[in-house]
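Descriptive structure summary
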Amino acid sequence: MRLGMLWALFIASGKMFIRNRAAVFFSLFLPLIIMLIFGVLNFEGSVDIDLGVVDESGSGASEAFIADLGDVDYLVLHQGERDAELAALETGDRDFVILIPAGWSVPPAGTDSGLTAYAGTGDPAQVQVLEGLLQQAVAQALYAPGGGGGTAFVPPLAFESVESRDLGYIDFLVPGIVGMTIMQLGLFGVAFGFVQLKRTGALRRLFATPTPPTYFLSAQVASRLIIGFVQVAILIGIGLWFGLQMFGDYLTLGIIVLIGSVIFLAIGFAIAGWAKNEDQAAPVANLISLPMMFLSGVFFPREAMPEFLRWITQFMPLTYVNEALRGVVNDGDGLLALGPQLLGMSVWAVITFVVAVLLFKWE
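The rules behind the values
- Residues numbered from 1 in each chain as written.
- Predicted model: local features only at pLDDT ≥ 70, side-chain atom pairs only at ≥ 80, totals over all residues.
- Heavy atoms only, no water.
- Helix = DSSP H or I, 4+ residues; strand = E, 2+ residues; numbered from the N terminus.
- Buried < 20%, exposed > 50% of the residue type's maximum accessible area, 1.4 Å probe, protein only.
- Contact = heavy atoms within 4.5 Å.
- Areas by Shrake-Rupley, 256 points an atom, 1.4 Å probe, with all protein chains shown as cover.
- Pairing = 2+ DSSP bridges.
- Phe/Tyr/Trp six-rings, centres within 6.5 Å; stacked < 30°, edge-to-face > 60°.
- Lys NZ or Arg CZ within 6 Å of the ring centre and 35° of its normal.
- pLDDT = per-residue confidence, 0-100.
- Salt bridge = Lys/Arg side-chain N within 4 Å of Asp/Glu carboxyl O.
- 1 Å grid on protein atoms, 1.4 Å probe; cavity = no way out; pocket = protein on both sides within 12 Å on 5 of 7 lines; lining within 4 Å.
- Points joined across faces, edges and corners; volume = space filled by probe spheres on them.
- Nonpolar A, V, L, I, M, F, W, Y, C, P; charged D, E, K, R; others polar.
- Core = buried A, V, L, I, M, F, W, Y, C linked by side-chain atoms within 4.5 Å.

**So, the overall build of the chain**
- On a plain count of helices and strands, the chain comes out with 13 helices and 5 strands.
- In the chain, which comprises 363 residues, the share counted as buried stands at 46%.
- Considering only contacts in the chain between residues 6 or more positions apart, those separated by 24 or more positions represent 79%.
- When the accessible surface of the chain is split by element, carbon and sulfur atoms take 65% of a total near 17,500 Å².

See the structure below:
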């Protein structure tokens, strides 16, 4: 009898969600539309080269050489230690890594430069094209006026291959869109639906029946979770169609989606408990979702932000969710490797649950 009641409430909850046009649009269709738009548009046509530079010389000559490289328009320099830069090359975050050995100095034109560039193997055709541009940039930096004189007669770089992944923009985008979907479903799917039920008096009439409130809430949460998993499966499927590379396992991905859903469902219940009507719920939901949509690394890497903003936004719940999702999808991380992200998500789950309990009201 009780299972039958729970099942009936579950079906009714799903139907109520589907009939709520605003909730369906923001939580289902908006992420899907964004995925299709960004998937069709090509954001990988830039000739910019992400170049890691490892300076083991530390001499004035190497510093001047790096400064001249920085003046080349199509080079994006990342200076760091050898292990860190090679690791970034392996994961596809660098196109090349140049090693400046200890004791290096600018050689005479037409001689061996003594420089080695490590190239990833993820996309051989692209590497072949970019090698010529990098050779040109290095020759320009070495033999520009005042930088050694003369003209380079031999290629200034010796290339070595490093096994790497070829991660494109779609590999970055899909986990971010999945995280945004989880957020939108929790905020708009719950907040709009419950506020409408409160405003119309449907909840009051419901509790005049023998229906236990816990059954009703359980059905609401279960229906949102299932809808969320279906939406995530659709987005991952579209991402695979556009060339997404899935390095992790789907069980770990599902656990991340579940914890993230709990966080944003709790926020949705908190908004629904506080707001008296849709006019109050919508601004609050947007005030919470929009900053995270643009500052938690959904569309673009957070590394592009100013340092102070990057430090602040790293504590947002969607940042933890997106980082965990990308760890699974892009790097193949398991739960142990995602310890910091899981800890942050767990803290937010507790905070949002407590806030939801304090704010939620049936009337």
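**Observations regarding the pairing of strand β3 (residues 96–100)**
- The element β3 is extensively covered by neighbouring structure, given that 5 of its 5 residues are classed as buried.
- What you see with β3 is no split at all: Phe 96, Ile 98 and Ile 100 on one side and Val 97 and Leu 99 on the other are buried throughout.
- Direction of pairing for strand β1 (residues 49–55) relative to β3: parallel, over a ladder of 5 bridges. Bridge assignment links Asp 55 to a residue of β3, and that residue is Ile 100.

**Quick word on the packing of aromatic side chains**
- Using the criterion set out here, one finds 3 aromatic pairs in the structure.
- Seen from their ring centres, Trp 311 and Phe 315 are 5.3 Å apart, and the 80° between their planes marks the pair as edge-to-face.
- Assessed through its relative accessible area of 53%, Trp 311 is described here as exposed.
- The residue whose ring lies beneath Arg 326 is Phe 172, and the NZ or CZ to ring-centre distance is 3.7 Å.

**Some words on the side chain of Thr 319**
- Within the fold, Thr 319 resides in helix α12 (residues 317–331).
- For Thr 319, a relative accessible area of 0% gives the class buried.
- Ignoring any residue separated from it by four or fewer positions in sequence, one finds Thr 319 in contact with Leu 295, Ser 296, Arg 302, Thr 313 and Gln 314.

**Quick look at the confidence of the model for the chain**
- With 73% of its residues at a pLDDT of at least 70, the chain reaches an overall mean of 77.
- Across residues 145–153, confidence stays below pLDDT 50; counting only partners more than four residues off in sequence or on other chains, it has 17 contacts.

**Structural notes on the pattern of salt bridges**
- Taken as a whole and judged by the stated rule, the model has 3 salt bridges.
- Its salt-bridge partner being Arg 82, residue Glu 56 comes within 3.0 Å of it at the nearest N-O pair. With Glu 56 in the loop between β1 and α3 (60–70) and Arg 82 in helix α4 (residues 82–90), this residue pair connects regions lying 26 residues apart in the sequence.
- With a shortest N-O distance of 2.8 Å, Glu 85 and Arg 94 are connected by a salt bridge.
- With a relative accessible area of 5%, Glu 85 lands in the buried category.
- In this structure Arg 94 comes out as buried when scored by relative accessible area, which is 15%.

**Some words on the layout of surface pockets**
- The computed volume of the second largest pocket comes to approximately 310 Å³.
- Taken together, Leu 217, Val 221, Leu 225, Val 262, Leu 265, Ala 266, Phe 269, Ala 349, Phe 353, Ala 356, Val 357 and Phe 360 make up the lining of the second largest pocket.
- Classifying every residue of the lining of the second largest pocket by side-chain character gives 12 nonpolar, no polar and no charged.

**Here's the deal with empty space enclosed by the protein**
- A full pass over the atoms with the stated rule returns 1 cavity of 30 Å³ or more.
- Considering the residues around the largest cavity, the lining is formed by Ile 182, Leu 185, Gly 186, Arg 224, Leu 225, Ser 261 and Leu 265.
- Broken down by secondary-structure element, the contributors of at least two residues to the lining of the largest cavity are α6 (169–200), α8 (213–241) and α9 (250–274).

**Re the nonpolar core**
- Among the nonpolar cores identified, the biggest contains 56 residues, and Val 178, Met 183, Ile 256, Phe 264 and Phe 299 are the most heavily contacted of them.
- Those elements that place two or more of their residues in this core are α6, α8, α9, α10 (278–295), α12 and α13 (339–359).
- Per-element accounting of this core gives the leading share, 17 residues, to α6.
- The residues contacting Phe 264, other than those within four sequence positions of it, are Ile 182, Met 183, Gly 186, Leu 187, Met 292, Pro 317, Leu 318 and Val 321.
- Judged by nonpolar contacts, the second largest core, of 23 residues, contains Ile 66, Phe 96, Leu 130 and Ala 141.

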